[in-house]
Amino acid sequence: MLNITVWNENRHEQNNPKVRDIYPNGIHGAIAGFLQDEGLKTRTATLDEEAHGLSEQVLQETDVLIWWGHLAHDEVDDLIVENIKKRVLEGMGLIVLHSGHHSKIFRSLMGTTCDLKWREADETERVWVVDPSHPIVEGIGEYIELEKEEMYGEHFDIPAPDQLVFLSWFEGGEVFRSGCTYQRGQGKIFYFRPGHETYPTYHQPDVQRIIQNAVQWVAPIERPAPVYGNAQPIEHIKVKQQD
Ligand code: ZN
């Protein structure tokens, strides 16, 4: 049974009544809710909790961490970011949502600025499936349409994704690599773009399905950890004649 932790900075929900109306239990509560409805063991953690709700024990018990942040990336403790990164390299799955592109953990794992263009103009986003055999798109049609979303545009300063799963088109003309997978160490990472806080994006069944699929895809696999360093030969090595 997978253990999922949904982390949210949870600041917009406190500062903006519009966001509170859309997500009365917070964005973390909404995401945890539709994962729990699928029978997944899910807990939440937020920035203002002790150790941001991500003690070493919580991280040790977490198979898949989902991350939503925006206003307060700088307030996330560097030591906790290091602990998360260590767990990802050990095999913990990581799903980074929307403005999490600028989180310390995502930037650290990518090694680039993760900068992009953006605009808030209530425009339509069409999220196209560009990898139709990928497990993350199971149950999803040719594209999903979000009537109103924030625009994120290229260039998105990320390393070339290992797999590009979704490509978004926006009403204003921009495009964006909105579903990207990476494998780092033993861990799998999925970045998924939609989810601006003033739109009900995480209430959309297609978006929920994609996140549910992604949880299964990034989940760790069962096998012994790789062994590194100086190694004894497996086969007998013949002594060579000196010339
Ligand atoms: Zn946003």
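Residues numbered from 1 in each chain as written. Predicted model: local features only at pLDDT ≥ 70, side-chain atom pairs only at ≥ 80, totals over all residues. Heavy atoms only, no water.

Comments concerning the overall build of the chain
Put simply, the rule is: Helix and strand assignments come from DSSP, with helices taken as H or I runs of at least 4 residues and strands as E runs of at least 2, each series counted from the N terminus. For this measure, only C-alpha atoms enter the radius of gyration; the expected value for a globule follows 2.2 Å times N^0.38, where N is the number of residues. Pairs of residues are marked as contacts when any of their non-hydrogen atoms sit within 4.5 Å. The convention is simple: Lys and Arg are positive, Asp and Glu are negative, and His and the chain ends are not counted. For the purpose of locating charges, the reference atoms are NZ of Lys, CZ of Arg, CG of Asp and CD of Glu.
From N to C terminus, the chain includes 7 helices and 9 strands. For 243 residues, the compact-globule estimate of 2.2 N^0.38 gives 18 Å, and the chain sits close to it at 20 Å. Referenced to the eigenvectors of the C-alpha coordinate spread, the extents of the chain come out at roughly 80 × 40 × 35 Å. The contacts of the chain with a sequence gap of at least 6 include a subset with a gap of at least 24, amounting to 71%. Across the chain, the centroid of the 22 positively charged side chains sits 5 Å from that of the 39 negatively charged ones.

A short note on the side chain of His73
Put simply, the rule reads: Buried means the residue's accessible area, taken with a 1.4 Å probe over protein chains only, is under 20% of the maximum for its type, while exposed means over 50%, and partly exposed covers the values in between. Two N or O atoms form a polar contact when they lie within 3.5 Å of each other; inside protein one atom must be a possible hydrogen donor and the other a possible acceptor, and for residues adjacent in sequence the pair counts only when both atoms belong to side chains.
Considering the arrangement of structural elements, one finds His73 in the loop between β3 (64-68) and α5 (78-90). Under the relative-accessibility criterion, His73 is labelled buried at 11%. Polar contacts involving the side chain of His73 include one to the main-chain carbonyl oxygen of His70, which spans 3.5 Å. Once you skip the residues sitting within four places of it in the chain, His73 turns out to touch Glu9, Ser99, Gly100, His102, Ser103 and Lys104.

Re unusual backbone geometry
Note the cis peptide between Glu154 and His155, where omega equals 15°. Backbone geometry places Asn10, a non-glycine residue, at a positive phi of 60°. Of note, Asn10 is situated in the loop between β1 (3-8) and α1 (12-15). With relative accessibility at 17%, the residue Asn10 sits in the buried group.

Observations regarding α5
What counts is decided by this rule: Any helix carries an expected span of 1.5 Å times its number of residues minus one. Throughout, the arc means that of the directions going from the helix axis to the C-beta atoms.
Between the first and last C-alpha of α5 there are 18 Å, a value that for 13 residues agrees with the 18 Å anticipated at 1.5 Å per step. Along α5, the residues that are buried comprise Ile80, Val81, Asn83, Ile84, Arg87 and Val88. On an axial view of α5, the arc spanned by its buried residues comes to 160°, and they lie on one face. In α5, the exposed positions angled more than 90 degrees off the buried face are occupied by Asp78, Leu79 and Lys86. On the buried face of α5, the contacting elements are α4 (56-61), β3, β4 (93-97), α6 (104-110), β8 (175-184) and β9 (187-192). Capping the start of α5, Asp77 holds a side-chain oxygen 2.8 Å from the backbone nitrogen of Leu79, two or three residues further along. Phi turns positive one or two residues past the end of α5, at Gly91, with a value near 130°.

Side note on the pattern of salt bridges
Applied cut-off: The term salt bridge refers to a pairing of a side-chain nitrogen on Lys or Arg with a carboxyl oxygen on Asp or Glu at a separation within 4 Å.
Within this structure, the stated rule accounts for 13 salt bridges. Residues Glu61 and Arg43 are paired through a salt bridge, measuring 2.5 Å at the closest nitrogen-oxygen approach. Taken together, the residues Glu61 in helix α4 and Arg43 in strand β2 (residues 41-46) connect sequence positions 18 residues apart. Taking relative accessible area as the criterion, Arg43 reaches 34% and is therefore assigned partly exposed. Note that Lys104 is salt-bridged to Asp78, the shortest N-O span being 2.7 Å. Here Asp78 lies in helix α5 and Lys104 lies in helix α6, a separation of 26 residues in the sequence. Overall, the relative accessible area of 24% leaves Lys104 in the partly exposed class.

Digging into the environment of Val88
Position of Val88 relative to the elements: it lies in helix α5. On the basis of relative accessible area, Val88 is assigned to the buried category, the value being 0%. Spatially, the C-alpha atom of Val88 lies 8.2 Å from that of Ile189, the residues being 101 residues apart in sequence. Once residues within four sequence positions are removed from consideration, Val88 is found in contact with Leu94, Leu109, Arg184, Gln186, Gly187 and Ile189.

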